[in-house]
Amino acid sequence: METTSQVDGQAPAAAGGQQSLSARRTADGYLEAPFPWYGLDEAFTGPRWLMQVGTAADGAVEHGSIGHGDEPSVRNEHLAASVGEPREKFAVVVTVAASPSRRSADGTGLLEATSVSSAAWLAGVGLLSFTWPGQMDHSLRDDWLEQQTETAWELADELSGPEWSTLSLPVDGVATPFHYRESEFGWVLAGSTEAGVHLGAYGRGMSAYGLGFAVIKDIAEYA
């Protein structure tokens, strides 16, 4: 799935990357999506914030992310712990339109289908984009991120593999199975909804086991 991620009014992010969360978002890109957006349900009472939307080759909005809790920053976990900084507690929900393989709007190409694996890959890369290993120098992070991005894709392509377990969480009040895995950097999960979208999520410092997901009634309130 090849998409371009962007925050409204800013230049597109590099593939798999994240824009600075210090910039204020607008809901414009989210409002262009023909599918519903998901976030944590009303049991979560902390901060919520827009992140970025991703578009397909024809410019159609294909996925986007909503943050919950502390706004994460790229950090070396070893150094953060060594100076006594509190670990950020956040969960990000990624909504991906469920789309079959289809012709682009201009008829010149074929757009890839999206699947639960798409949501799992986006969530896995999202988690990596806010972390790098404690034993690694910052100058080597790009090489590490490229390698780990490929690993995240391989894991997402094998959701029935031993790295994943099954976790049941409520989606719009209905118990829904998710693929779930943990790493030293946090957790990742992915599943599908009855609303025609796939959900991915990733986080750190917040347990995935107590989460629930629900359709966002008014995305403009998050801006």
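Note that this is a predicted model, so its numbers are computed, not measured.

Our next topic: the overall build of the protein chain. Of the regular secondary structure elements, the protein chain holds four helices and 14 strands. For the protein chain, buried positions account for 51% of its 223 residues. Expressed as a percentage of contacts within the protein chain between residues at least 6 apart in sequence, the contacts between residues at least 24 apart total 61%. Accessible surface, the protein chain: about 10,700 Å² in total, of which carbon and sulfur atoms supply 51%.

The subject of this paragraph is the packing of aromatic side chains. Within the structure shown, the criterion is met by six aromatic pairs. Ring geometry for Phe178 and Phe213: centres 5.4 Å apart, planes at 45 degrees, overall tilted. Of this pair, Phe178 sits in strand S11 (residues 174-183) while Phe213 sits in strand S14 (residues 213-215), and the two are 35 residues apart along the sequence. When sorted by exposure, Phe178 lands in the same class as Phe213, which is buried. Ring pairing ties together the aromatic residues Tyr30, Phe35 and Trp37, which thus form one cluster.

Below, the discussion takes up the pattern of salt bridges. Should the charged atoms of two oppositely charged side chains come close, the side chains can pair. Tallying each qualifying case throughout the model produces one salt bridge. Among the ionic pairs, Glu88 bridges to Arg204, the shortest N-O distance being 3.4 Å. A residue pair is termed long-range when its members are at least 10 positions apart, and Glu88 in the loop between helix H2 (77-82) and strand S6 (90-97) and Arg204 in strand S13 (residues 197-204) qualify at 116 residues. Judged on exposure class, the residue Glu88 and its partner Arg204 are both buried.

This part takes up helix H3 (residues 116-128). Here H3 contains 13 residues, and its C-alpha end-to-end distance of 19 Å stays within 8% of the 18 Å for a straight helix at 1.5 Å per residue. Most of H3 is tucked away, with 13 of its 13 residues classed as buried.

Let's shift gears to the pairing of strand S10 (residues 165-171). Across seven bridges, the pairing between S10 and S11 is antiparallel. Looking across to S11, one finds that Leu169 is bridged to Thr176. Adjacent in sequence and paired antiparallel, S10 and S11 are bridged by two residues, among which Asp172 carries a positive phi angle near 55 degrees.

As a further point, take the environment of Ala175. Following the sequence through the fold, Ala175 ends up in strand S11. Taking the C-alpha atoms as reference points, Ala175 and Gly212, 37 residues apart in sequence, are found 9.1 Å from one another.

Excluding glycine, a negative phi dihedral is what most residues carry, and trans is how most peptide bonds are arranged. Despite not being glycine, Asp172 shows a phi value in the positive range, around 55 degrees. Within the secondary structure layout, Asp172 lies in the loop between S10 and S11. Classification of Asp172 by relative accessible area gives partly exposed; the value is 42%.

With 72% of its residues at a pLDDT of 70 or more, the protein chain shows a mean pLDDT of 79. In this model residues 2-24 is a low-confidence stretch, pLDDT under 50, and it forms 52 contacts with partners more than four residues away in sequence or in other chains. Taken together, the stretch residues 78-83 has pLDDT below 50 and engages in three contacts with residues farther than four places along the chain or on a different chain.

What follows covers the pairing of strand S3 (residues 48-55). Most of S3 is tucked away, with seven of its eight residues classed as buried. Judged from the six bridges that link them, S3 and strand S4 (residues 61-69) form a sheet pairing that is antiparallel. Pairing of Trp49 across the sheet is with Gly67, part of S4. Counted along the chain from S3 to the antiparallel partner S4, the turn is five residues long, and its residue Gly59 has a positive phi close to 90 degrees.

Definitions and cut-offs
Residues numbered from 1 in each chain as written. Predicted model: local features only at pLDDT ≥ 70, side-chain atom pairs only at ≥ 80, totals over all residues. Heavy atoms only, no water. Helix = DSSP H or I, 4+ residues; strand = E, 2+ residues; numbered from the N terminus. Buried < 20%, exposed > 50% of the residue type's maximum accessible area, 1.4 Å probe, protein only. Contact = heavy atoms within 4.5 Å. Areas by Shrake-Rupley, 256 points an atom, 1.4 Å probe, with all protein chains shown as cover. Phe/Tyr/Trp six-rings, centres within 6.5 Å; stacked < 30°, edge-to-face > 60°. Salt bridge = Lys/Arg side-chain N within 4 Å of Asp/Glu carboxyl O. Expected span 1.5 Å × (residues − 1). Pairing = 2+ DSSP bridges. pLDDT = per-residue confidence, 0-100.

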